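# Chains, contacts and geometry: an overview
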Amino acid sequence: MTKRTAGKTINTVFPAANGYPQNKKINFVIFYNDLYIPLNSNGKSGEDYLETILILQKKLGEVRSVDVARYVGVSKPSVCHAVNILCNGGFLTKDDKHFIYLTEEGRKVAEKIYERHKFFKEQLISVGVSPKIAETEACRIEHCISDESFLKLKEHREKGKG
């Protein structure tokens, strides 16, 4: 199966059904606007890596794979593998000094996920969930909620503040 993603093509070796690979041991697909973004074998999604790169760029200015590995707590080879896939997908670029940059499409995904992460973490903490649990659960929720549901939750929160 082949899908177009951010102007590039990624070939997958499994048939997807209901948005998830069937009969395969690898964790490999999440969707962004009906496009594939690969998951790494360590369970970190392409969205997680994009979000991390956005956060680190805000903190450090320039980001390398080793910075991402330290921040996420995974091996540098895992990050390099994910970065290469995301570069091939058009979400990242690398320069000759191995600095990693978000493309326009990569930045859109990263900002979308980061906004959701902050929203859900804040909401969970506001109802009494511990910050550590809120961090972990916000990271899960941010990937699976639809755009429509997220927008409605944001609108509901804004109405409550007004």
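Note that the structure is predicted; figures quoted are calculated from it, not measured.

Conventions and cut-offs
- Residues numbered from 1 in each chain as written.
- Predicted model: local features only at pLDDT ≥ 70, side-chain atom pairs only at ≥ 80, totals over all residues.
- Heavy atoms only, no water.
- Phe/Tyr/Trp six-rings, centres within 6.5 Å; stacked < 30°, edge-to-face > 60°.
- Buried < 20%, exposed > 50% of the residue type's maximum accessible area, 1.4 Å probe, protein only.
- Helix = DSSP H or I, 4+ residues; strand = E, 2+ residues; numbered from the N terminus.
- Core = buried A, V, L, I, M, F, W, Y, C linked by side-chain atoms within 4.5 Å.
- Contact = heavy atoms within 4.5 Å.

### Comments concerning the packing of aromatic side chains
Counted under the stated rule, the structure contains three aromatic pairs. Their ring planes at 85° and their centres at 5.1 Å tell us that Phe-119 and Phe-120 sit as a pair that is edge-to-face. This pair shows no difference in class: Phe-119 is buried, exactly as Phe-120 is. With centroids separated by 5.7 Å and ring planes inclined at 50°, the aromatic side chains of Phe-120 and Phe-150 adopt a geometry described as tilted. Of this pair, Phe-120 sits in helix α4 (residues 104–126) while Phe-150 sits in helix α6 (residues 147–161), and the two are 30 residues apart along the sequence. For the pair Phe-120 and Phe-150, a shared accessibility class is recorded, and that class is buried. Taken together through their ring pairs, the aromatic side chains of Phe-119, Phe-120 and Phe-150 make up a single cluster.

### A short note on the nonpolar core
Core analysis: the largest hydrophobic core is formed by 21 residues, its most contacted members being Tyr-49, Leu-50, Val-68, Val-79, Leu-92 and Leu-102. Looking at this core, the elements that each hand over two or more residues are α1 (46–60), α2 (65–72), α3 (76–88), β9 (99–102) and α4. Setting aside residues up to four positions removed in sequence, Val-68 forms contacts with Tyr-49, Thr-52, Ile-53, Leu-56, Val-63, Gly-73 and Val-79. Core analysis: the next-biggest nonpolar cluster, separate from the first, contains five residues, Phe-119, Ala-138, Ile-145 and Phe-150 among them.

### What to know about the environment of Leu-54
Mapped onto the fold, Leu-54 is located in helix α1. Once residues lying within four places of it in the same chain are set aside, the contact partners of Leu-54 are Leu-102, Arg-107, Ala-110, Glu-111 and Tyr-114.

### Digging into unusual backbone geometry
Notably, His-98 is not glycine yet its phi reads approximately 70°, a positive angle. Inspection of the secondary structure assignment puts His-98 in the loop between β8 (92–94) and β9.

### Considerations on the side chain of Asp-67
With respect to the helices, strands and loops of the structure, Asp-67 is situated in helix α2. Residues contacting Asp-67, with those up to four places away along its chain left out, are Leu-56, Leu-60 and Glu-62.

### A look at the environment of Gly-46
Its place among the elements puts Gly-46 in helix α1. C-alpha separation for the pair Gly-46 and Leu-86, spaced 40 residues apart in sequence, amounts to 7.0 Å.

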